[in-house]
Structure formats: structure tokens, C-alpha cells
Amino acid sequence: MGGDFEVIEEYIQHGRRRFRVLYKKVNIVFNVAAESVEEALDKARRMAERVSASRALRVRT
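These remarks concern the structure in this document. (Residues numbered from 1 in each chain as written. Predicted model: local features only at pLDDT ≥ 70, side-chain atom pairs only at ≥ 80, totals over all residues. Heavy atoms only, no water.)

**Thoughts on the pattern of salt bridges**
Within this structure, the stated rule accounts for five salt bridges. Between Arg 20 and Glu 9 there is a salt bridge whose closest N-O contact spans 3.3 Å. Note that Arg 20 is positioned in strand 2 (residues 16–23) and Glu 9 in strand 1 (residues 5–13), a separation of 11 residues in sequence. A relative accessible area of 28% places Arg 20 in the partly exposed class. The exposure class of Glu 9 is partly exposed, given its relative accessible area of 33%. The partner of Arg 17 in a salt bridge is Glu 10, with the nearest N and O atoms 2.7 Å apart. For Arg 17, a relative accessible area of 30% puts it in the partly exposed group. (Salt bridge = Lys/Arg side-chain N within 4 Å of Asp/Glu carboxyl O. Helix = DSSP H or I, 4+ residues; strand = E, 2+ residues; numbered from the N terminus. Buried < 20%, exposed > 50% of the residue type's maximum accessible area, 1.4 Å probe, protein only.)

**Brief notes about the nonpolar core**
Soluble globular proteins: nonpolar side chains tend toward being buried together. Formed by Phe 5, Phe 19, Val 21, Tyr 23, Phe 30, Val 32, Ala 34, Ala 40, Leu 41, Ala 44 and Ala 48, the largest nonpolar core amounts to 11 residues. Those elements that provide at least two residues to this core are strand 2, strand 3 (28–33) and helix 1 (37–60). Per element, the largest residue contribution to this core is four residues, and it comes from helix 1. (Core = buried A, V, L, I, M, F, W, Y, C linked by side-chain atoms within 4.5 Å.)

**Overview of the environment of Glu 6**
On the secondary structure map, Glu 6 appears in strand 1. Separated by 16 residues in the primary sequence, Glu 6 and Leu 22 have C-alpha atoms spaced 5.2 Å apart. Setting aside anything within four residues of it in sequence, one finds Glu 6 in contact with Arg 20, Val 21, Leu 22, Lys 24 and Leu 41. (Contact = heavy atoms within 4.5 Å.)

**A short note on the sheet that holds strand 2**
Read from one edge of the open sheet, three strands run 1-2-3, paired in antiparallel fashion. Two strands bound the open sheet, and with one partner strand each, they are strand 1 and strand 3. Averaged over all pairs of adjacent strands, the angle between their axes in this sheet comes to 20 degrees, without regard to strand direction. Two elements, strand 2 and strand 3, share six bridges in a ladder whose sense is antiparallel. In the sheet register, Val 21 faces strand 3, and the bridge partner there is Phe 30. (Pairing = 2+ DSSP bridges. Axes fitted to C-alpha atoms, helices over the stretch in contact; angles between N-to-C directions.)

These values are about where atoms sit, not about what they do.
What follows is the structure, given as C-alpha cells:
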């Protein structure tokens, strides 16, 4: 998962720093609030893991 994520936009919204992070492997964009690029990438990775886990559970039921 390392190089599969890329920050495509950084902006300020309501006084908070936000990032749009592309998960290249499946072409999904995550919007996250973070203090740094590293934190934004970490949050996007964790979100991708949760999405994959819930998708796997849905397929099994």
C-alpha cells in the first residue's frame, strides 16, 4: 500500500487543514483533515483498510 497513495490537493476549510488523497490502486479519493501530509496519508491508508474490511464482510453475508 506504500506508494499507492498520493496527495492531490491541500486546502483550508473552516480554519482546518484538509487534504484530498488519491488511492491509485482503486481510483478512490479520500478527504481528510490533518496537520501534515504524513498524517493525511496515514489517515487515508486506515480509511482504505476499513473500506476493504467492510466490503469483504458484505461479500460473505
